[in-house]
Amino acid sequence: MTCRVEYNDNTSLQWSNPAQQTLFFGDKKALRDNRIELMHASWSELTISITDVTLTDEGMYTCSLFTMPVRTAKAYLTVLGVPEKPEIDGLTKPAMEGDHITLTCMTQGSKPAADLRWFRNEKEVKGAKEVNASGKTFTVRSSLQLHVDRNDDGVAYTCKVDHVALSQTPQQATEVLEVHYAPRVQIINSLAVPQEGQYLKLECVSKGNPSPDPVMWTKDGGELPDLDRMIVEGRELTFTSLNKTDNGTYRCEAGNHLGTSSAEYVLYVYDVPTTLPPSTTPPLHPIPPDPTALLGTHASDPTVTGSRDPNALGQRGTDHALIGGVVAVVVFVTLCSIIVLGRYLARHKGTYLTNEAKGADDAPDADTAIINAEGNHAHAEEKKEYFI
């Protein structure tokens, strides 16, 4: 702290602390405090320094020039209370899935009161803050309520302290949750449409904590029948060469001290398709076989069973093609018949009379009508009859 004066008649300057105790009078030290030292003393300037500042040093400091009357200048010293490193309490290791736990973060010694912020990994989450005064400083607590599940396993919860005195070096504490939970099992197959003679691998993917190891494979509720072709290595079941005897339901089961889980896979081995001559015109929209219509992976419920007709593959497409062909032929024949009938009616449109009909108007019987017609014909040679 520096005190300066522009005009001085050889009068000494004096520094006093908030308790009105004289620190220095000119170059003479008045208070025995090793933290306070003289930096510069002259008739126009008096500079002192205070090291290891504490909260008790806060207050109004006075620089005096003892003239008549005495002239003074004052400066208020504000001391910030640096918060301590935070601590996290309430974490149990390991936590069980479904537990309700409360994490509490606390820091002491801040002035003004610090702010606490929670982070789940890198994402900020909201906690409940509580501030208590202790003399000139504050104690700050923040709590975080958690309903623990398997997604919290391995998650880092961090409590950070925000304070004006920590702009360069923020304080924080981190705890990593360990959550134990029962396993979940899923079977992954390497072939969408398994065929005779092919290599097939089934992988039993199980996730749990503690890790469920090893896993157990069964077929149709019993042991695997052919261990020469069905090889079990860790979590994998491998078929070196498939055949029809491999058809069935394969079950993978895994467990730990919290529970057991299983999954099922229905295997049907298809015949090797016969080779057809290559088509010169590729199909416009090739339709791949639907694996979901051929294979099935079921959850752990043993009452769930899957059954489909494997021979139904390809029948639907054949039936549709046959029905479409028949309909096309019927439509073509109908159109041709309509065209021929229309042309026939157009050519024979009108009313035509024969010679016998011409004498029938006045004739009492058919014979007379014929005679009248012939007679008329004899006297009307100019009339001719044409057949179209």
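Conventions we followed
The numbering scheme is per chain: residues are counted from 1 as the chain's sequence reads. Residue-level local features of this predicted model are given only where pLDDT is at least 70; pairs of side-chain atoms are given and counted only at 80 or more, and the full residue set underlies all totals for whole chains, interfaces and linings. Side-chain calculation: all heavy atoms of the structure are included, whereas hydrogens and water are not. We count a stretch as a helix when DSSP gives it H or I for four or more residues in a row; a strand needs E for two or more, and each element gets its number in order from the N terminus. Only protein chains enter the accessibility calculation, which uses a 1.4 Å probe; a residue whose area is less than 20% of its type maximum is buried, one above 50% is exposed, and one in between is partly exposed. All accessible-area figures derive from a Shrake-Rupley calculation using a 1.4 Å probe, and residue coverage is judged against the displayed protein chains alone. Any two residues having at least one pair of non-hydrogen atoms within 4.5 Å are treated as being in contact. By this definition, two strands are paired if DSSP reports at least two bridges between them. Axis definition: a line fitted to C-alpha atoms, over the contacting stretch in the case of helices. Angles run 0 to 180 degrees between N-to-C directions. We define the nonpolar core as a collection of buried residues of types Ala, Val, Leu, Ile, Met, Phe, Trp, Tyr and Cys that are connected through side-chain atoms lying within 4.5 Å of one another. UniProt positions are given in the numbering used here, feature names are shortened, and annotations may be inferred rather than shown by experiment. The disulfide definition used here is simple: a pair of cysteine sulfur atoms within 2.5 Å. For patch detection, residues must exceed 30% relative accessible area and be free of salt bridges, and they are connected within 9 Å for like charges or within 5 Å for nonpolar side chains (Val, Leu, Ile, Met, Phe, Trp, Tyr). Salt bridges are counted wherever a side-chain nitrogen of Lys or Arg sits within 4 Å of a carboxyl oxygen of Asp or Glu. What qualifies as a polar contact is a pair of N or O atoms within 3.5 Å, subject to a donor-acceptor requirement within protein and to the restriction that residues adjacent in sequence count only when both atoms come from side chains. To pair, rings of Phe, Tyr and Trp, with the six-membered ring standing in for Trp, must have centres within 6.5 Å; the planes then decide the type, stacked if under 30 degrees apart, edge-to-face if over 60, and tilted in the middle. We count a charge as sitting over a ring when the NZ of a lysine or the CZ of an arginine lies within 6 Å of the ring centre and within 35 degrees of the ring normal.

Q: Before we go on, may I ask you to explain the overall build of the protein chain in this structure?
A: The helix and strand inventory of the protein chain stands at three helices and 25 strands. The buried share among the 388 residues of the protein chain stands at 29%. A total accessible area of about 25,800 Å² is found for the protein chain, and carbon and sulfur atoms account for 55% of it.

Q: How should the environment of Val-53 be read in this particular structure?
A: Secondary-structure assignment places Val-53 in the loop between strand 6 (45–50) and strand 7 (59–65). Taking the C-alpha atoms as reference, Val-53 lies 8.3 Å from Arg-35; in sequence the two are 18 residues apart. Not counting residues within four places of it along the chain, the set of residues in contact with Val-53 comprises Arg-35 and Val-79.

Q: I would appreciate a short explanation of the sheet that holds strand 1 (residues 2–4) in the present structure.
A: Note: strands within a sheet are paired through backbone hydrogen bonds, in either parallel or antiparallel orientation. The strand order 1-6-5 describes an open sheet built from three strands, whose pairing is antiparallel. A strand with exactly one partner marks an edge of an open sheet, and here the two such strands are strand 1 and strand 5 (36–41). Taken pair by pair, the neighbouring strands of this sheet meet at an average axis angle of 15°, ignoring direction. Judged from the three bridges that link them, strand 1 and strand 6 form a sheet pairing that is antiparallel. If you follow Thr-2 over to strand 6, its bridge partner there is Thr-47.

Q: Please explain the nonpolar core as it appears in this structure.
A: A general tendency of soluble globular proteins is for nonpolar side chains to be buried together. One finds Ile-88, Leu-103, Trp-118, Leu-146 and Tyr-157 to be the most contacted residues of the largest nonpolar core, which totals 21 residues. Judged by nonpolar contacts, the second largest core, of 20 residues, contains Leu-191, Val-215, Leu-242 and Tyr-265.

Q: Looking at this model, I keep getting lost on the UniProt feature "transmembrane region" (unreviewed entry) in the protein chain. Mind explaining?
A: The feature "transmembrane region" (unreviewed entry), as given by UniProt, occupies residues 321–341 in the numbering adopted here. The annotated region residues 321–341 carries 100% helix and 0% strand content, and the separation between its end C-alpha atoms amounts to 31 Å.

Q: What should I look at first to understand the state of the cysteines in this one?
A: Defined simply, a disulfide is a covalent bond joining two cysteines at their sulfur atoms. By the definition in use, this model includes three disulfides. Across the disulfide, Cys-3 is cross-linked to Cys-63 (sulfur-sulfur distance 1.8 Å). Here Cys-3 and Cys-63 share a disulfide; its torsion about the S-S bond, -85°, makes the bridge left-handed. Here the residue Cys-3 occupies a position in strand 1, and Cys-63 occupies one in strand 7, the gap between them amounting to 60 residues. An identical accessibility class is assigned to Cys-3 and Cys-63; each is buried.

Q: How do you make sense of a nonpolar patch on the surface when you look at a structure like this?
A: On the surface, Ile-323, Val-327, Val-331 and Leu-335 cluster together into a nonpolar patch covering about 370 Å² of accessible area. For Val-331, the position within the fold is in helix 1 (residues 315–347).

Q: Is there a simple way to explain the pairing of strand 2 (residues 13–16) in this structure?
A: For a regular strand, the rule is simple: side chains alternate between the two faces of the sheet. Judged by which residues are buried, strand 2 turns out to be covered on both faces: Leu-13 and Trp-15 on one side and Gln-14 and Ser-16 on the other are all buried. Bridge count between strand 2 and strand 7: four bridges; the pairing is antiparallel. Among the inter-strand pairings, Ser-16 is bridged to a residue of strand 7, identified as Thr-62. Looking at chain direction, strand 2 and strand 3 (residues 22–25) are connected through three bridges and run antiparallel. The residue bridging Ser-16 from the neighbouring strand is Thr-22, located in strand 3. Hairpin connection of strand 2 to strand 3: five residues between the antiparallel strands, including Gln-20 at a positive phi of 65°.

Q: Mind showing me how you'd approach the side chain of Thr-62 here?
A: Inspection of the secondary structure puts Thr-62 in strand 7. By relative accessible area, which is 5% here, Thr-62 ends up buried. Within polar-contact distance, the side chain of Thr-62 engages the side chain of Lys-74 at 3.1 Å.

Q: Please explain the environment of Thr-238 as it appears in this structure.
A: With respect to the helices and strands, Thr-238 occurs in strand 22 (residues 236–239). On a C-alpha basis, the gap between Thr-238 and Leu-200 in space is 5.8 Å, while along the polypeptide they are 38 residues apart.

Q: Just checking my understanding: could you explain the packing of aromatic side chains for this structure?
A: Under the defined criterion, the tally for this structure stands at three aromatic pairs. Arranged with centres 5.9 Å apart and planes meeting at 55°, the rings of Phe-25 and Phe-66 form a pair that is tilted. Taken as a pair, Phe-25 in strand 3 and Phe-66 in the loop between strand 7 and strand 8 (71–77) lie far apart in primary sequence, 41 residues in all. Between the NZ or CZ atom of Lys-160 and the centre of the ring of Phe-119, over which it lies, the distance is 4.7 Å.

Q: What is the right way to look at the pairing of strand 11 (residues 100–110) in this model?
A: Strand direction decides the pairing type here: strand 9 (residues 87–89) and strand 11, joined by three bridges, are antiparallel. Its bridge partner lying in strand 11, Asp-89 is registered against Thr-104. Where strand 11 and strand 15 (residues 137–147) come together, nine bridges link them in antiparallel fashion. Bridge pairing in strand 15 places Ser-110 opposite Phe-138.

Q: So what exactly am I meant to see when it comes to the sheet that holds strand 22 here?
A: Reading across from one edge, 10-18-19-22-21 is the order of the five strands in this open sheet, with mixed pairing throughout. The strands lining the two open edges of the sheet, one partner per strand, are strand 10 (95–96) and strand 21 (230–233). Sheet topology note: the strand 10/strand 18 (residues 179–189) ladder contains two bridges and is parallel. The partner of Ala-95 across the bridge, within strand 18, is Val-179.

Q: Looking at this structure, how should I read the pattern of salt bridges?
A: Pairing between side chains of opposite charge can happen when their charged atoms approach one another. With the rule as written, the count across this model stands at 17 salt bridges. Its salt-bridge partner being Arg-251, residue Glu-253 comes within 3.8 Å of it at the nearest N-O pair. Among the residues examined, Glu-253 registers a relative accessible area of 27% and is labelled partly exposed. Several salt bridges converge on common partners, so that one network encompasses Asp-33, Arg-35 and Asp-57.

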